[in-house]
Amino acid sequence: AQSVTQPDARVTVSEGASLQLRCKYSYSATPYLFWYVQYPRQGLQLLLKYYSGDPVVQGVNSFEAEFSKSNSSFHLQKASVHWSDSAVYFCALSISSGSWQLIFGSGTQLTVMP
Amino acid sequence: EAAVTQSPRNKVTVTGGNVTLSCRQTNSHNYMYWYRQDTGHGLRLIHYSYGAGNLQIGDVPDGYKATRTTQEDFFLLLELASPSQTSLYFCASSDEGEKYFGPGTRLTVL
């Protein structure tokens, strides 16, 4: 069965530091992959998506992610975080371009210390 | 800009109560979804629909019914609410991979 694992429930970094949030997926073929962000008391917003092609995808707010088929990973990165990046980040995959059902990871709570 | 609204934003009911959560999208999207969000589980799909009158079962459908009355409106029904259904519920719409989420409804079942 398909699954998404985010091994770090909580990550704390200092403002200005670099960031990597980890995501591993389980699926035999190449899935469609997404990162969403959830700010307090809000719904989820799309940060970036990977369908095919260049394994490094750029997203909003200077986030990027790198797809690795060999490692079954789709890690999210940012060169320099800001306090406003504090939020919960979800990795998700879809195996269908029809219904676009998403399978979500359990999320990573990011706290950026000023 | 794509928009998904949900009502109510907060709801408290008692065990055995009858609850309806409403979702409306103004995106003209075909697909609409209901998710629940619980700590440690991320979001889990309850039901989804690809058009008015259509309903598809998601991953955690037990105890929930849903109805898509129009292209815009998708309802989630809990006819005999239980404490295990205390959760944060999100509605979403999409036509391609990107989903647009509503702000959520926090439901508490006492």
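What counts, and at which threshold
Residues numbered from 1 in each chain as written. Chains lettered and ligands numbered in written order. Predicted model: local features only at pLDDT ≥ 70, side-chain atom pairs only at ≥ 80, totals over all residues. Heavy atoms only, no water. Helix = DSSP H or I, 4+ residues; strand = E, 2+ residues; numbered from the N terminus. Buried < 20%, exposed > 50% of the residue type's maximum accessible area, 1.4 Å probe, protein only. Contact = heavy atoms within 4.5 Å. Disulfide = S-S within 2.5 Å.

**A word on the side chain of His75(A)**
Residues and elements named next belong to chain A. Along the polypeptide, His75 turns up in strand E9 (residues 73-78). Owing to a relative accessible area of 18%, His75 belongs among the buried residues under this scheme. Once residues lying within four places of it in the same chain are set aside, the contact partners of His75 are Gln20, Leu21, Arg22, Cys23, Lys24, Trp35, Glu64, Ala65 and Glu66.

**Examining the state of the cysteines**
Enumeration according to the criterion identifies 2 disulfides over all chains in this entry. The side chain of Cys23(A) participates in a disulfide bridge whose partner is Cys91(A); the two sulfur atoms lie 2.0 Å from each other. With the S-S dihedral at roughly -65°, the linkage between Cys23(A) and Cys91(A) falls on the left-handed side. Of this pair, Cys23(A) sits in the loop between strand E3 (19-21) and strand E4 (24-26) while Cys91(A) sits in strand E10 (residues 87-94); the two residues are 68 residues apart in sequence, bridging distant segments of the chain. You'll find Cys23(A) and Cys91(A) in the same group, each marked buried. In this model, Cys23(B) is linked to Cys91(B) through a disulfide, with the two sulfur atoms separated by 1.9 Å. Every disulfide takes its handedness from the sign of the S-S torsion; for Cys23(B) and Cys91(B) that torsion is -75°, giving left-handed. Remark: Cys91(B) occurs in strand E9 (residues 87-94) and Cys23(B) occurs in strand E3 (residues 19-25); sequence separation between them is 68 residues. Grouping residues by exposure puts Cys23(B) and Cys91(B) together as buried.

**What to know about unusual backbone geometry**
Residue Pro8(B) is bonded to the preceding Ser7(B) through a cis peptide linkage, with omega at -10°. Its location among the elements puts Pro8(B) in the loop between strand E1 (4-7) and strand E2 (10-13). Phi is positive for Ser72(A), close to 50°, though the residue is something other than glycine. Within the fold, Ser72(A) resides in the loop between strand E8 (64-68) and E9. Classification of Ser72(A) by relative accessible area gives partly exposed; the value is 23%. A positive phi angle is found at Ser28(B), which is not glycine, with a value near 60°. Along the chain, the position of Ser28(B) falls in the loop between E3 and strand E4 (31-38). The exposure class of Ser28(B) is exposed, given its relative accessible area of 54%.

By themselves these figures say nothing about function.
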